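Coordinate analysis (summary)
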Number of protein chains: 2
Amino acid sequence: MQKETEPIDSNLLKGNMGTLVLAVLKDGPAHGYAIVHEVRKRTEDALHFRQGTLYPMLHDLEGKGFVASEWEIIPGEAGGGEKTRRVYSLTESGRAELSRRLRAWQRFAAAVEKVTGSAQELTFRRMILRFF
Amino acid sequence: MQKETEPIDSNLLKGNMGTLVLAVLKDGPAHGYAIVHEVRKRTEDALHFRQGTLYPMLHDLEGKGFVASEWEIIPGEAGGGEKTRRVYSLTESGRAELSRRLRAWQRFAAAVEKVTGSAQELTFRRMILRFF
DNA sequence: CTATTTACATAGGAAACCTAGGTGCATAGG
DNA sequence: CCTATGCACCTAGGTTTCCTATGTAAATAG
């Protein structure tokens, strides 16, 4: 019940949400609701997408050809009503777009580090410690 | 005359511009025009602020008490007209705000790495190579 | 003497998020 | 039984934060 970390200011997310969606889909198809939970899980609740933002974003990514969707039919109990959900998967074009965006993110993060300077070394050290 | 690296998509900057301004001022007072050039210099032209964004941003940071400004008078040649420019410096409150924002940035960057996953290892390796 | 650079500023627009609301079915708890 | 919560989709309207375009004015370069 305790929230160890307060949620991250959503302004920082601007411009990156689509990239994160593509990154999640890189590891396999998923429907919108599942993407929301996957991001929360991967970031231990630090980041979470709003449905009101995510669904239009998915439609947009599909419009640009970066993802493709299919309606999956989930059969109800014997004879019962079925439910549907929309499953998205990364296209070839989306895969290329993801690479581009990851490179752009890396360049941007590096630029921030350069400007913020000495405070940055701490970040690097922290990352290295997490990896080795 | 050659541009080695194309400029970074300004959408990625969203939410971070104020932080970068505070970071530059941490290293000493500066006027608006100089801040623009300092950021371009530190990032080797990858990032640059637009004047139409920077000046309102500085006014905003001053309104919030994170920076303070003084009009500096630059004397013209003997007997000539003087010019003025507005020099900003970081306040105590601004220093604290900068720490908060740098921590927020680190948390956000870490969250992005977690979501983008394996592609991230490349990033780390690249950063490490740059440092050692 | 004209163009560029330095240095400040405002106004209006676009992009990308947010909140608030709505639909419908399934399942759990009282 | 029936109400609340969770799953799963969606739209509309608002806010933040950047952008472009434009303007002023003095100094310097060509």
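Residues numbered from 1 in each chain as written. Chains lettered and ligands numbered in written order. Predicted model: local features only at pLDDT ≥ 70, side-chain atom pairs only at ≥ 80, totals over all residues.

1. Details of the overall build of chain A
For the record, the criterion: Numbering of helices and strands runs from the N terminus; a helix is a DSSP stretch of H or I covering at least four residues, while a strand is a stretch of E covering at least two. Put simply, a residue is buried when 20 or more other C-beta atoms lie within 10 Å of its own C-beta and exposed when 12 or fewer do; between those, it is partly exposed, and each C-beta is set from the backbone. Contact criterion: two residues are in contact if their C-beta atoms, reconstructed from the backbone, are within 7 Å.
Scanning chain A from N- to C-terminus turns up five helices and three strands. The helix and strand sequence of chain A, counted from the amino end, reads α-β-α-α-β-β-α-α. Taking all 132 residues of chain A together, the buried fraction comes to 30%. Pairs at least 24 residues apart make up 52% of the contacts formed inside chain A by residues separated by at least 6 positions.

2. Thoughts on the interface of chain B and chain A
The cut-off we apply is this: Here the term charged refers only to Asp, Glu, Lys and Arg, the term nonpolar to Ala, Val, Leu, Ile, Met, Phe, Trp, Tyr, Cys and Pro, and the term polar to all other amino acids, Gly among them.
Chain B puts 34 residues into the contact, and the matching count from chain A is 34 residues. Where the side of chain B that touches chain A is concerned, the elements lending two or more residues are helix H1 (10-13), helix H2 (17-26), helix H3 (32-42), helix H5 (92-116) and helix H6 (118-131) of chain B. Among the elements that take part in the side of chain B that touches chain A, H5(B) stands out by supplying twelve residues, more than any other. Class assignment of the residues belonging to the side of chain B that touches chain A gives a composition of 21 nonpolar, eight polar and five charged.

3. Quick notes on the protein's contact with DNA strand D
Rule in force here: Put plainly, near means the residue's C-beta atom, positioned from the backbone, lies within 6 Å of the molecule or strand in question.
The immediate surroundings of DNA strand D are formed by 27 residues, with A:Gly52, A:Arg85, B:Ser10, B:Met17 and B:Gly52 found nearest. With four residues, helix H3 (residues 51-63) of chain A is the largest single contributor of residues to the surface near DNA strand D. Residue composition of the surface near DNA strand D, grouped by class: eight nonpolar, 14 polar and five charged.

4. Section: the packing of H3(B) against helix H4 (residues 51-63) of chain B
A pair of packed helices can be characterised by two numbers: the angle between their axes and the separation between those axes. All names here are of chain B. The line we're drawing: In this analysis an axis means a line fitted to C-alpha atoms, helices contributing only their contacting stretch, and an angle means the value between N-to-C directions, from 0 to 180 degrees. We call two directions roughly parallel when the angle between them is under 35 degrees, roughly antiparallel when it is over 145, roughly perpendicular when it lies between 65 and 115, and oblique otherwise. When the near helix sits turned anticlockwise from the far one by under a right angle, the crossing is termed left-handed; a clockwise turn instead gives a right-handed crossing.
Here H3 crosses H4 at 120°, and the two axes come no closer than 10 Å. Between H3 and H4, the interaxial angle falls into the category oblique. Regarding H3 and H4, the two cross each other, and that crossing is right-handed. Residue-level contacts link Gly32, Ile35 and Val36 of H3 to Gln51, Leu54, Tyr55 and Leu58 of H4. The residue makeup of the contact of H3 with H4, split by class, is five nonpolar, two polar and no charged.

5. Comments concerning the relation of the copies chain B and chain A
Rules: When the copies are superposed, the least-squares fit draws on C-alpha atoms of residues that have pLDDT of at least 70 in both.
Mapping chain B onto chain A calls for a screw motion: a turn of 180° about the axis and a shift of 0.0 Å along it, with 0.1 Å RMSD after fitting. Such a turn and shift between the copies fits a two-fold axis. Among all residues of chain B, the one whose C-alpha sits closest to the rotation axis is B:Lys14, at a distance of 3.1 Å. A share of 100% of the interface residues of chain B reappears at the interface of chain A, consistent with the copies meeting face to face through the same patch.

6. A closer look at the confidence of the model for chain A
Just so we agree on the cut-off: Per-residue confidence from the predictor is given as pLDDT, running between 0 and 100.
Residues with a pLDDT of 70 or more make up 81% of chain A, whose mean pLDDT is 87. When mean pLDDT is compared element by element in chain A, helix H1 (residues 17-26) of chain A scores highest at 98, while helix H5 (residues 118-131) of chain A scores lowest at 52.

7. Notes on the protein's contact with DNA strand C
Around DNA strand C, 29 residues are found, and the nearest of them are A:Ser10, A:Met17, A:Gly52, B:Gly32 and B:Gly52. Of all elements in the fold, only H1 and H3 of chain A together with H3, H4 and strand S3 (83-90) of chain B reach the threshold of two or more residues within the surface near DNA strand C. Per-element tally for the surface near DNA strand C: the top contributor is H4(B), with five residues. In terms of residue class, the surface near DNA strand C is built from eight nonpolar, 16 polar and five charged.

8. Digging into the sheet that holds strand S1 (residues 30-31) of chain A
All names here are of chain A. Note the cut-off: Following DSSP output, two strands are said to pair if at least two bridges run between them.
An order of S1-S3-S2 is seen for the three strands of this open sheet, with the pairing classed as antiparallel. Both edges of this open sheet fall to S1 and strand S2 (67-74), since each of them pairs with a single strand only. Pairing analysis gives eight bridges linking S2 to strand S3 (residues 83-90), with the strands arranged antiparallel. Bridge assignment links Trp71 to a residue of S3, and that residue is Arg86. Against the sheet, H3 touches S2 and S3, its axis set at about 125° to S2.

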